[in-house]
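Examining the three-dimensional arrangement
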Amino acid sequence: MTRETGQRESLEGQALLLVAGLADLAVSTLGSAVGAVRGLLRRSDAAELAAQAEHDLAARGRLVLDRYAAVPPAHLEILARRVSARKSADDD
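Residues numbered from 1 in each chain as written. Predicted model: local features only at pLDDT ≥ 70, side-chain atom pairs only at ≥ 80, totals over all residues. Heavy atoms only, no water.

1. Quick look at the overall build of the protein chain
Each helix and strand in the protein chain was counted, giving 4 helices and 0 strands. In sequence order, the secondary structure elements of the protein chain are arranged as α-α-α-α. Counting every position in the protein chain, which comprises 92 residues, the buried fraction comes to 9%. Of the roughly 7,700 Å² of accessible surface on the protein chain, 60% is carried by carbon and sulfur atoms. (Helix = DSSP H or I, 4+ residues; strand = E, 2+ residues; numbered from the N terminus. Buried < 20%, exposed > 50% of the residue type's maximum accessible area, 1.4 Å probe, protein only. Areas by Shrake-Rupley, 256 points an atom, 1.4 Å probe, with all protein chains shown as cover.)

2. Quick notes on helix α3 (residues 46–68)
Between its terminal C-alpha atoms α3 stretches 32 Å, which fits the 33 Å expected from 23 residues at 1.5 Å a residue. Within α3, burial applies to Leu57, Ala58, Gly61 and Val64. (Expected span 1.5 Å × (residues − 1).)

3. Some details on the layout of surface pockets
In this structure, the largest pocket spans a volume of roughly 320 Å³. Forming the walls of the largest pocket are 13 residues, and the residues nearest its centre are Leu25, Ala36, Leu40, Ala53 and Leu57. Elements with a minimum of two residues in the lining of the largest pocket: α2 (30–41) and α3. The dominant element in the lining of the largest pocket, judged by the number of residues it contributes, is α3, at 6 residues. In terms of residue class, the lining of the largest pocket is built from 8 nonpolar, 3 polar and 2 charged. (1 Å grid on protein atoms, 1.4 Å probe; cavity = no way out; pocket = protein on both sides within 12 Å on 5 of 7 lines; lining within 4 Å. Points joined across faces, edges and corners; volume = space filled by probe spheres on them. Nonpolar A, V, L, I, M, F, W, Y, C, P; charged D, E, K, R; others polar.)

4. So, the side chain of aspartate 24
The residue aspartate 24 is located in helix α1 (residues 3–28) in this model. Given the relative accessible area of 19%, aspartate 24 is considered buried. In this view, aspartate 24 contacts Arg60, Val64 and Arg67; residues no more than four positions away in its chain are not counted. (Contact = heavy atoms within 4.5 Å.)

5. Structural notes on the confidence of the model for the protein chain
For the protein chain, the mean per-residue pLDDT works out to 81, and 86% of the residues sit at or above 70. The secondary-structure element of the protein chain with the lowest mean pLDDT is α2, recorded at 73, while helix α4 (residues 75–91) shows the highest, at 89. (pLDDT = per-residue confidence, 0-100.)

Laid out in structure tokens, this is it:
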């Protein structure tokens, strides 16, 4: 994998996390978000709060994706991979 491809995937992954976080935030706290935005506009440390909000949204996005998108690996598949790895280790 080239460095450029890794950066692109990283940016796409970060964007996906931010979008998922925003969607979850909008669904769960739409009313309070409007009040929070009004309060943010009055603050002098808005840049720091925006950076923290981005971090929080990414974390929230990770939680959403882990909760709804992640499919646990098949138990038998894990066992088959372990057996295969042991066999190849024994052959060496």
